[in-house]
Amino acid sequence: MKSHRLFFVVIATALLAAPVLAQADWRKTHKELRFGVIPVETQTQTTKGFDEFIKYASQKLGVPVKLFTATEFIGINNAIVAKQIEFAWTSPSAYSGSWLECQCVEPVVAALDKDGNLGYNSVLIVKSESSFKSIDDLKGKTVARTEPNSNSGYLVPTVEFMQMGKPVESFFKSPVSGGHTQSVLGVLNGTYDAAFTWTTKGDGYGQIRTMLDKGMLKREQIRVIWSSDLVPAPPVIVHKDLPADLKAEMLGFFTGLHKERMDLAEIVAHGKTQGFIRVAHKNYQSTVEARKTMEATRKSR
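Let me sum up the structure you'll find in this document. Source: prediction; values computed, not measured. (Residues numbered from 1 in each chain as written. Predicted model: local features only at pLDDT ≥ 70, side-chain atom pairs only at ≥ 80, totals over all residues. Heavy atoms only, no water.)

Some words on the overall build of the protein chain
Okay, step 1: Of regular secondary structure, the protein chain possesses 11 helices and 10 strands.
Okay, step 2: Each of the 301 residues in the protein chain was classed as buried or not, and the buried ones make up 50%.
Okay, step 3: Taking all contacts inside the protein chain whose residues are at least 6 apart in sequence as the whole, residues at least 24 apart take part in 78%. (Helix = DSSP H or I, 4+ residues; strand = E, 2+ residues; numbered from the N terminus. Buried < 20%, exposed > 50% of the residue type's maximum accessible area, 1.4 Å probe, protein only. Contact = heavy atoms within 4.5 Å.)

Topic: the packing of helix α5 (residues 151–163) against helix α11 (residues 285–300)
Okay, step 1: Where α5 contacts α11, the two axes come as close as 10 Å, and the packing angle between them is 65 degrees. The two elements α5 and α11 cross, and the hand of that crossing is left-handed. Mapping the contact onto sequence places Asn151, Tyr154, Leu155, Thr158, Val159 and Met162 in α5 and Thr287, Ala290, Arg291, Thr293, Met294, Thr297 and Arg298 in α11. (Axes fitted to C-alpha atoms, helices over the stretch in contact; angles between N-to-C directions. Left-handed = near helix turned anticlockwise from the far one by under 90°.)

A few points about the packing of aromatic side chains
The geometry of two aromatic rings is summed up by the distance between their centres and the angle between their planes.
Okay, step 1: With the rule as written, the count across this model stands at 21 aromatic pairs.
Okay, step 2: Relative to Phe253, the ring of Tyr56 lies with its centre 6.1 Å away and its plane at 35 degrees, an arrangement referred to as tilted. Linking Tyr56 in helix α2 (residues 43–61) with Phe253 in helix α9 (residues 244–260), this pair joins segments that are 197 residues apart in sequence. With respect to burial, Tyr56 and Phe253 carry one shared label: buried.
Okay, step 3: Ring geometry for Phe161 versus Phe172: centroids 5.8 Å apart, planes at 55 degrees, classification tilted. (Phe/Tyr/Trp six-rings, centres within 6.5 Å; stacked < 30°, edge-to-face > 60°.)

A few points about unusual backbone geometry
Okay, step 1: In this structure, Lys83 takes a positive phi of about 65 degrees despite not being glycine.
Okay, step 2: Phi angles above zero are rare outside glycine, and Asp203 is one such case at about 55 degrees.
Okay, step 3: Looking at where Asp203 falls in the secondary structure, it is placed in the loop between β7 (194–199) and α8 (207–213).
Okay, step 4: With relative accessibility at 11%, the residue Asp203 sits in the buried group.

With respect to α5
Okay, step 1: In the structure, α5 departs most strongly from a straight axis at Pro157, where the bend amounts to approximately 30 degrees.
Okay, step 2: Summarising burial for α5: 10 of the 13 residues are buried, a large majority.
Okay, step 3: Taking the backbone nitrogen of Gly153 as reference, a side-chain oxygen 3.0 Å away marks Ser150 as the first, capping residue of α5.
Okay, step 4: Immediately beyond the C-terminal end of α5, within one or two residues, lies Gly165, with a positive phi of roughly 85 degrees. (Bend = angle between axes of the 7 residues up to and from the residue. Polar contact = N/O pair within 3.5 Å; in protein donor to acceptor, adjacent residues only side chain to side chain.)

Here it is as C-alpha coordinates:
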(Lines give C-alpha, C1' and ligand atoms only; values in the text may rest on other atoms or scores of the structure.)
Protein backbone atom coordinates (compact mmCIF):
# COMPACT_ATOMS: atom_id res chain seq x y z
CA MET A 1 0.00 0.00 0.00
CA LYS A 2 2.83 2.32 0.88
CA SER A 3 4.46 1.65 -2.49
CA HIS A 4 1.21 2.63 -4.27
CA ARG A 5 1.02 5.85 -2.24
CA LEU A 6 4.62 6.62 -3.09
CA PHE A 7 3.86 6.03 -6.78
CA PHE A 8 0.98 8.52 -6.77
CA VAL A 9 3.02 11.07 -4.84
CA VAL A 10 5.79 10.83 -7.46
CA ILE A 11 3.27 11.18 -10.34
CA ALA A 12 1.53 14.12 -8.67
CA THR A 13 4.85 15.86 -8.07
CA ALA A 14 5.84 15.33 -11.72
CA LEU A 15 2.52 16.73 -12.95
CA LEU A 16 2.85 19.79 -10.75
CA ALA A 17 6.39 20.36 -11.96
CA ALA A 18 5.53 19.93 -15.66
CA PRO A 19 3.90 23.36 -16.19
CA VAL A 20 6.85 25.02 -14.46
CA LEU A 21 9.27 23.33 -16.84
CA ALA A 22 7.10 24.18 -19.85
CA GLN A 23 7.09 27.84 -18.85
CA ALA A 24 10.83 28.02 -18.22
CA ASP A 25 12.12 31.35 -19.56
CA TRP A 26 15.34 31.51 -21.56
CA ARG A 27 16.24 34.67 -19.62
CA LYS A 28 17.11 32.54 -16.60
CA THR A 29 20.07 31.05 -18.46
CA HIS A 30 20.88 33.89 -20.88
CA LYS A 31 21.37 37.12 -18.94
CA GLU A 32 22.53 38.91 -22.10
CA LEU A 33 22.58 38.32 -25.84
CA ARG A 34 25.36 39.07 -28.31
CA PHE A 35 24.69 39.93 -31.96
CA GLY A 36 27.47 39.57 -34.52
CA VAL A 37 28.09 41.60 -37.69
CA ILE A 38 31.08 42.43 -39.85
CA PRO A 39 31.93 46.12 -40.33
CA VAL A 40 30.66 47.64 -43.58
CA GLU A 41 32.91 50.69 -43.18
CA THR A 42 35.12 50.87 -40.09
CA GLN A 43 34.35 49.05 -36.87
CA THR A 44 33.66 52.38 -35.11
CA GLN A 45 31.18 53.48 -37.80
CA THR A 46 29.47 50.09 -37.78
CA THR A 47 29.11 50.12 -34.01
CA LYS A 48 27.64 53.62 -34.15
CA GLY A 49 25.24 52.60 -36.91
CA PHE A 50 23.92 49.70 -34.85
CA ASP A 51 23.65 51.62 -31.56
CA GLU A 52 19.92 52.29 -31.92
CA PHE A 53 19.21 48.72 -33.07
CA ILE A 54 21.06 47.29 -30.06
CA LYS A 55 19.17 49.62 -27.71
CA TYR A 56 15.83 48.65 -29.25
CA ALA A 57 16.64 44.91 -29.26
CA SER A 58 17.57 45.11 -25.56
CA GLN A 59 14.24 46.74 -24.79
CA LYS A 60 12.16 44.28 -26.83
CA LEU A 61 13.97 41.10 -25.76
CA GLY A 62 14.20 42.09 -22.09
CA VAL A 63 17.94 41.50 -21.61
CA PRO A 64 21.01 43.55 -22.58
CA VAL A 65 22.03 42.97 -26.20
CA LYS A 66 25.64 43.65 -27.10
CA LEU A 67 27.27 44.06 -30.50
CA PHE A 68 30.07 41.70 -31.55
CA THR A 69 32.15 42.53 -34.63
CA ALA A 70 34.79 40.63 -36.58
CA THR A 71 36.76 41.61 -39.67
CA GLU A 72 35.55 38.61 -41.71
CA PHE A 73 32.50 36.35 -41.80
CA ILE A 74 34.50 33.39 -40.50
CA GLY A 75 35.11 35.26 -37.24
CA ILE A 76 31.38 35.76 -36.77
CA ASN A 77 30.58 32.15 -37.60
CA ASN A 78 33.31 30.73 -35.38
CA ALA A 79 31.89 32.76 -32.50
CA ILE A 80 28.43 31.24 -33.10
CA VAL A 81 29.86 27.70 -33.29
CA ALA A 82 31.81 28.26 -30.04
CA LYS A 83 28.67 29.71 -28.40
CA GLN A 84 30.46 32.99 -27.71
CA ILE A 85 27.59 34.88 -29.32
CA GLU A 86 23.93 33.97 -29.72
CA PHE A 87 22.96 35.33 -33.16
CA ALA A 88 24.57 37.01 -36.14
CA TRP A 89 23.99 38.42 -39.63
CA THR A 90 26.28 36.52 -41.97
CA SER A 91 26.80 35.48 -45.59
CA PRO A 92 25.06 32.45 -47.15
CA SER A 93 28.48 31.01 -47.98
CA ALA A 94 29.81 31.41 -44.42
CA TYR A 95 26.63 29.83 -43.04
CA SER A 96 26.92 26.92 -45.49
CA GLY A 97 30.60 26.39 -44.63
CA SER A 98 29.85 26.24 -40.91
CA TRP A 99 26.90 23.93 -41.50
CA LEU A 100 29.08 21.54 -43.53
CA GLU A 101 31.62 21.45 -40.70
CA CYS A 102 29.35 20.90 -37.71
CA GLN A 103 25.66 21.16 -38.66
CA CYS A 104 25.31 23.05 -35.38
CA VAL A 105 24.05 26.33 -36.85
CA GLU A 106 20.72 27.25 -38.40
CA PRO A 107 19.22 30.26 -40.18
CA VAL A 108 16.30 32.11 -38.56
CA VAL A 109 15.37 35.01 -40.84
CA ALA A 110 16.52 36.86 -43.96
CA ALA A 111 15.50 40.20 -45.45
CA LEU A 112 13.29 40.66 -48.49
CA ASP A 113 14.43 43.32 -50.91
CA LYS A 114 12.37 46.46 -51.59
CA ASP A 115 10.32 44.58 -54.22
CA GLY A 116 9.64 41.57 -52.01
CA ASN A 117 12.28 39.22 -53.47
CA LEU A 118 14.20 36.90 -51.17
CA GLY A 119 17.68 37.03 -52.59
CA TYR A 120 20.32 39.20 -54.26
CA ASN A 121 22.90 39.13 -57.04
CA SER A 122 26.64 38.85 -57.22
CA VAL A 123 27.82 41.51 -59.65
CA LEU A 124 31.04 42.38 -61.43
CA ILE A 125 31.65 46.13 -61.50
CA VAL A 126 34.06 48.40 -63.38
CA LYS A 127 34.56 52.16 -63.44
CA SER A 128 32.06 53.78 -65.76
CA GLU A 129 34.81 55.62 -67.63
CA SER A 130 36.79 52.44 -68.32
CA SER A 131 36.84 50.71 -71.72
CA PHE A 132 35.72 47.36 -70.27
CA LYS A 133 32.32 46.35 -71.67
CA SER A 134 32.31 42.56 -71.18
CA ILE A 135 33.88 39.73 -69.24
CA ASP A 136 36.20 38.95 -72.16
CA ASP A 137 37.52 42.53 -72.11
CA LEU A 138 38.84 41.79 -68.60
CA LYS A 139 40.84 38.69 -69.51
CA GLY A 140 44.23 38.92 -67.81
CA LYS A 141 43.19 42.05 -65.89
CA THR A 142 43.08 42.55 -62.12
CA VAL A 143 39.65 41.50 -60.85
CA ALA A 144 39.26 41.40 -57.07
CA ARG A 145 37.30 38.93 -54.99
CA THR A 146 36.56 39.78 -51.35
CA GLU A 147 37.30 36.94 -48.93
CA PRO A 148 36.77 33.16 -49.04
CA ASN A 149 33.62 33.12 -46.89
CA SER A 150 31.83 35.81 -48.89
CA ASN A 151 29.02 34.47 -51.04
CA SER A 152 28.73 37.21 -53.67
CA GLY A 153 32.33 38.35 -53.50
CA TYR A 154 33.94 34.91 -53.73
CA LEU A 155 31.87 31.70 -53.82
CA VAL A 156 29.31 32.61 -56.49
CA PRO A 157 31.78 34.07 -59.01
CA THR A 158 34.32 31.31 -58.36
CA VAL A 159 31.80 28.56 -59.09
CA GLU A 160 29.87 30.31 -61.89
CA PHE A 161 32.97 31.42 -63.80
CA MET A 162 34.43 27.92 -63.46
CA GLN A 163 31.22 26.55 -65.01
CA MET A 164 31.58 29.11 -67.84
CA GLY A 165 35.02 27.71 -68.58
CA LYS A 166 36.64 30.93 -67.35
CA PRO A 167 38.09 30.10 -63.91
CA VAL A 168 38.60 33.30 -61.93
CA GLU A 169 42.10 32.26 -60.81
CA SER A 170 43.42 31.81 -64.38
CA PHE A 171 41.16 33.97 -66.56
CA PHE A 172 41.91 37.06 -64.45
CA LYS A 173 44.54 38.17 -61.97
CA SER A 174 42.38 37.81 -58.87
CA PRO A 175 43.67 39.21 -55.57
CA VAL A 176 41.58 39.01 -52.42
CA SER A 177 40.66 42.51 -51.27
CA GLY A 178 39.57 41.65 -47.72
CA GLY A 179 36.03 43.02 -48.00
CA HIS A 180 33.33 44.53 -50.21
CA THR A 181 34.15 48.12 -49.28
CA GLN A 182 37.79 47.56 -50.16
CA SER A 183 36.79 45.99 -53.48
CA VAL A 184 34.55 48.88 -54.56
CA LEU A 185 37.01 51.53 -53.41
CA GLY A 186 39.78 49.62 -55.19
CA VAL A 187 37.87 49.92 -58.45
CA LEU A 188 37.26 53.63 -57.90
CA ASN A 189 40.91 54.40 -57.16
CA GLY A 190 42.30 52.19 -59.92
CA THR A 191 43.86 49.47 -57.75
CA TYR A 192 41.58 46.94 -59.46
CA ASP A 193 40.22 46.91 -63.00
CA ALA A 194 37.05 45.28 -61.72
CA ALA A 195 35.67 43.63 -58.61
CA PHE A 196 32.86 41.36 -57.44
CA THR A 197 30.35 42.70 -54.94
CA TRP A 198 26.62 42.40 -54.16
CA THR A 199 23.38 44.23 -54.74
CA THR A 200 19.67 43.68 -55.33
CA LYS A 201 17.33 44.81 -58.09
CA GLY A 202 17.47 48.58 -58.28
CA ASP A 203 20.25 48.60 -55.65
CA GLY A 204 17.66 48.25 -52.90
CA TYR A 205 20.09 46.77 -50.41
CA GLY A 206 23.63 45.46 -50.49
CA GLN A 207 27.10 46.93 -50.76
CA ILE A 208 26.29 49.41 -53.50
CA ARG A 209 23.25 50.73 -51.60
CA THR A 210 25.22 51.04 -48.36
CA MET A 211 28.01 53.01 -49.99
CA LEU A 212 25.53 55.25 -51.83
CA ASP A 213 23.75 56.02 -48.57
CA LYS A 214 27.04 56.75 -46.80
CA GLY A 215 28.21 59.11 -49.53
CA MET A 216 31.11 56.79 -50.36
CA LEU A 217 29.98 56.18 -53.94
CA LYS A 218 28.00 57.85 -56.72
CA ARG A 219 26.07 55.35 -58.84
CA GLU A 220 27.27 56.90 -62.08
CA GLN A 221 30.86 56.05 -61.10
CA ILE A 222 30.43 52.32 -61.73
CA ARG A 223 28.96 49.96 -64.32
CA VAL A 224 27.80 46.37 -63.83
CA ILE A 225 29.06 44.11 -66.62
CA TRP A 226 27.97 40.75 -65.19
CA SER A 227 25.26 39.69 -62.76
CA SER A 228 24.58 36.26 -61.29
CA ASP A 229 21.19 34.65 -60.98
CA LEU A 230 19.35 35.38 -57.73
CA VAL A 231 21.13 33.77 -54.76
CA PRO A 232 19.79 33.25 -51.20
CA ALA A 233 19.68 36.34 -48.99
CA PRO A 234 22.16 36.77 -46.10
CA PRO A 235 20.64 35.04 -43.07
CA VAL A 236 20.55 35.84 -39.38
CA ILE A 237 21.82 32.59 -37.84
CA VAL A 238 21.89 31.01 -34.38
CA HIS A 239 23.43 27.97 -32.72
CA LYS A 240 21.00 25.03 -32.82
CA ASP A 241 21.39 24.51 -29.07
CA LEU A 242 19.75 27.82 -28.15
CA PRO A 243 16.51 27.36 -26.15
CA ALA A 244 13.47 26.93 -28.39
CA ASP A 245 11.64 29.79 -26.68
CA LEU A 246 14.58 32.13 -27.31
CA LYS A 247 14.69 31.21 -31.01
CA ALA A 248 10.93 31.73 -31.24
CA GLU A 249 11.23 35.15 -29.61
CA MET A 250 14.07 36.15 -31.97
CA LEU A 251 11.92 35.09 -34.91
CA GLY A 252 9.05 37.25 -33.69
CA PHE A 253 11.37 40.17 -33.01
CA PHE A 254 12.89 40.20 -36.50
CA THR A 255 9.71 39.49 -38.47
CA GLY A 256 7.98 42.33 -36.66
CA LEU A 257 10.87 44.78 -36.81
CA HIS A 258 9.88 46.53 -40.05
CA LYS A 259 6.34 47.16 -38.77
CA GLU A 260 7.56 49.08 -35.72
CA ARG A 261 11.01 50.34 -36.76
CA MET A 262 11.63 50.17 -40.49
CA ASP A 263 14.75 52.31 -40.01
CA LEU A 264 16.28 49.56 -37.85
CA ALA A 265 15.21 46.80 -40.23
CA GLU A 266 17.07 48.66 -42.98
CA ILE A 267 20.20 48.90 -40.83
CA VAL A 268 20.31 45.13 -40.39
CA ALA A 269 19.33 44.44 -44.02
CA HIS A 270 21.93 46.93 -45.31
CA GLY A 271 19.39 48.95 -47.28
CA LYS A 272 15.74 49.06 -48.39
CA THR A 273 13.64 46.05 -47.41
CA GLN A 274 10.04 44.89 -47.04
CA GLY A 275 11.10 43.21 -43.80
CA PHE A 276 12.47 39.92 -42.53
CA ILE A 277 10.83 36.55 -43.07
CA ARG A 278 11.41 33.07 -41.65
CA VAL A 279 13.96 30.97 -43.53
CA ALA A 280 15.27 27.42 -43.05
CA HIS A 281 18.26 25.37 -44.12
CA LYS A 282 16.50 24.32 -47.35
CA ASN A 283 16.73 27.95 -48.53
CA TYR A 284 20.53 27.59 -48.53
CA GLN A 285 20.91 24.10 -50.02
CA SER A 286 22.06 25.58 -53.34
CA THR A 287 24.85 27.43 -51.50
CA VAL A 288 25.84 24.25 -49.65
CA GLU A 289 26.15 22.49 -53.02
CA ALA A 290 28.22 25.37 -54.41
CA ARG A 291 30.61 25.09 -51.43
CA LYS A 292 30.93 21.36 -52.09
CA THR A 293 31.65 22.01 -55.75
CA MET A 294 34.35 24.56 -54.95
CA GLU A 295 36.02 22.30 -52.38
CA ALA A 296 35.93 19.27 -54.70
CA THR A 297 37.53 21.31 -57.49
CA ARG A 298 40.31 22.48 -55.18
CA LYS A 299 41.06 18.93 -54.05
CA SER A 300 41.19 17.64 -57.62
CA ARG A 301 43.93 20.07 -58.62
